[in-house]
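# Remarks on the overall topology
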Amino acid sequence: MSAPVPTALPMVVPAQDLPARVRIHEVGARDGLQNEKAIVPTEVKAEFVHRLADAGLTTIEATSFVHPDWVPQLADAEALFPLIQDIGSRPHLPVLVPNERGLDRALALGARRVAVFASVTESFAKANLNRTVDGVLAMSEPVVTRAKAGRAHVRGYLSMCFGDPWEGAVPVHQVVRVAKALMDMGCDELSLGDTIGVATPGHVQTLLAELNEEGVPTNAIGVHFHDTYGQALSNTLAALQHGVTTVDASAGGLGGCPYAKSATGNLATEDLVWMLQGLGIETGVDLGRLTATSAWMAQQLGRPSPSRTVRALSHQE
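Below or above, wherever it landed, is the structure these notes cover. (Residues numbered from 1 in each chain as written. Predicted model: local features only at pLDDT ≥ 70, side-chain atom pairs only at ≥ 80, totals over all residues. Heavy atoms only, no water.)

We now examine the environment of Glu270. Considering the arrangement of structural elements, one finds Glu270 in helix H10 (residues 269-278). The exposure class of Glu270 is buried, given its relative accessible area of 0%. The spacing of Glu270 and Arg23 is 247 residues in sequence and 14 Å in space, taken between C-alpha atoms. What Glu270 contacts, discounting residues up to four positions off in sequence, is Ser250, Ala251, Gly252, Gly253, Leu287, Leu290, Thr291, Ser294, Ser307, Thr309 and Val310. A distance of 2.9 Å separates a polar atom in the side chain of Glu270 from the backbone nitrogen of Gly252. (Helix = DSSP H or I, 4+ residues; strand = E, 2+ residues; numbered from the N terminus. Buried < 20%, exposed > 50% of the residue type's maximum accessible area, 1.4 Å probe, protein only. Contact = heavy atoms within 4.5 Å. Polar contact = N/O pair within 3.5 Å; in protein donor to acceptor, adjacent residues only side chain to side chain.)

Have a look at this one:
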């Protein structure tokens, strides 16, 4: 039987030159659940979002307005979104929109924050949307333009920023080109995706420095790490040392990518919060409530949470 973890842990020992506060962009309800094989009931998803909000998360990516044939797990976007809007103005509830049709559906329901996605490699652009990299950017441009005209906040996701399962290592300049294209369209922020989890800290800091040199400011950059090789937290720390203050994470470590089979789970939000608390960095998140939420969701999915912190604090085996 596991011993209880003392409430005084983790001990707070701040490190120099790190942000005072980090905004966690919670992706568990969208990116986390989209790869589940068994359909999660809409009511369970809505309860998940409400519990995440109660835990103090201020940005919760709710769903994706994609064609149901692409991602069947998220085919209930129209049914889900009205069930979570009673949360109020906080937290923010961004949604993913792949094209103008998806944008129309999202705006019709009152969405005020949307995200588009692009690939920095030709192989993933073809696997994901059956287009070239430039073709995906061309599809995104009218979405961003119309969203900004409607005063919506727009996030741009970049996939395969550090490595691609078909192409291998991805040159930094390739990532910078797509990042600049999304910023030039009018995106308010970018999320750099380590889709298959192959990044290492030096690579992270080199990419961030190159983006800065090419005019992409650090305050417009978020990072999105997968933990395939156990590097997600070390890569996050490298980004924090560079000044990044937006980190994507998924409650309970849920997620993967339906178009990249080598992509394993996202960085677990609980693991991230544990590290940030130990560093004295504010997040506004109640770790106990968050852990209870992820343990509850693991029960709904019928398996233990992959998050080490969830397992330690909820005594899951």
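Moving on from the model shown.
For the rest of this paragraph, the subject is the pattern of salt bridges. Between side chains of opposite charge, a pair can form as their charged atoms come close. Counted under the stated rule, the structure contains 15 salt bridges. Notably, a salt bridge pairs Asp31 with Arg30, separated by 3.8 Å at the nearest N-O pair. With relative accessibility at 5%, the residue Arg30 sits in the buried group. Of the charged contacts, one joins Arg146 and Asp104 as a salt bridge, the two residues approaching to 2.6 Å between their closest N and O atoms. You can see Arg146 sitting in helix H6 (residues 133-149) and its partner Asp104 sitting in helix H4 (residues 100-108), a full 42 residues away along the chain. Take Asp104: its relative accessible area is 32%, and that puts it in the partly exposed class. Overlapping salt bridges, with partners in common, bring together Arg23, Arg155, Glu189 and Asp248 in one network. (Salt bridge = Lys/Arg side-chain N within 4 Å of Asp/Glu carboxyl O.)

With that settled, the discussion passes to H4. Turning to H4, its buried residues number three or more, namely Gly102, Leu103, Arg105 and Ala106. Projected down its long axis, H4 shows its buried positions confined to an angular sector of 165°, all on one face. In H4, the exposed positions angled more than 90 degrees off the buried face are occupied by Arg101 and Ala108. Contacts made by the buried residues of H4 are with helix H3 (77-84), strand E4 (95-96), strand E5 (113-119) and H6. Near the N-terminus of H4, the side chain that reaches the backbone nitrogen of Arg101, with its oxygen 3.3 Å away, is that of Asn99. Within two residues after H4, Gly110 carries a phi angle of roughly 95°, on the positive side. (Arc of directions from axis to C-beta.)

Here we take up a nonpolar patch on the surface. Together, Leu9, Met11 and Val13 make up a nonpolar patch on the protein surface, roughly 310 Å² of accessible area in all. Of note, Val13 is situated in the segment before strand E1 (23-26). (Patch = residues over 30% accessible without salt bridge, like charges linked within 9 Å, V, L, I, M, F, W, Y side chains within 5 Å. Areas by Shrake-Rupley, 256 points an atom, 1.4 Å probe, with all protein chains shown as cover.)

Right, let's talk about the environment of Asn266 for a bit. For Asn266, the location among the structural elements is in the loop between strand E11 (246-249) and H10. Relative accessible area serves as the criterion here: at 5%, Asn266 is assigned to the buried category. Residues Asn266 and Thr283 lie 17 residues apart in sequence; the distance between their C-alpha atoms is 18 Å. Among the polar contacts listed, one links the side chain of Asn266 to the side chain of His226, at a separation of 2.9 Å.

Turning next to the packing of helix H5 (residues 122-129) against H6. At a closest axis distance of 8 Å, the pairing of H5 and H6 adopts a crossing angle of 55°. Taken together, the axes of H5 and H6 lie oblique to each other. Every residue of H6 that contacts H5 at Glu122, Ala125 and Leu129 is listed here: Val133, Val136 and Met139. Split by residue class, the contact of H5 with H6 holds five nonpolar, no polar and one charged. (Axes fitted to C-alpha atoms, helices over the stretch in contact; angles between N-to-C directions. Parallel < 35°, antiparallel > 145°, perpendicular 65-115°, else oblique. Nonpolar A, V, L, I, M, F, W, Y, C, P; charged D, E, K, R; others polar.)

These values are about where atoms sit, not about what they do.
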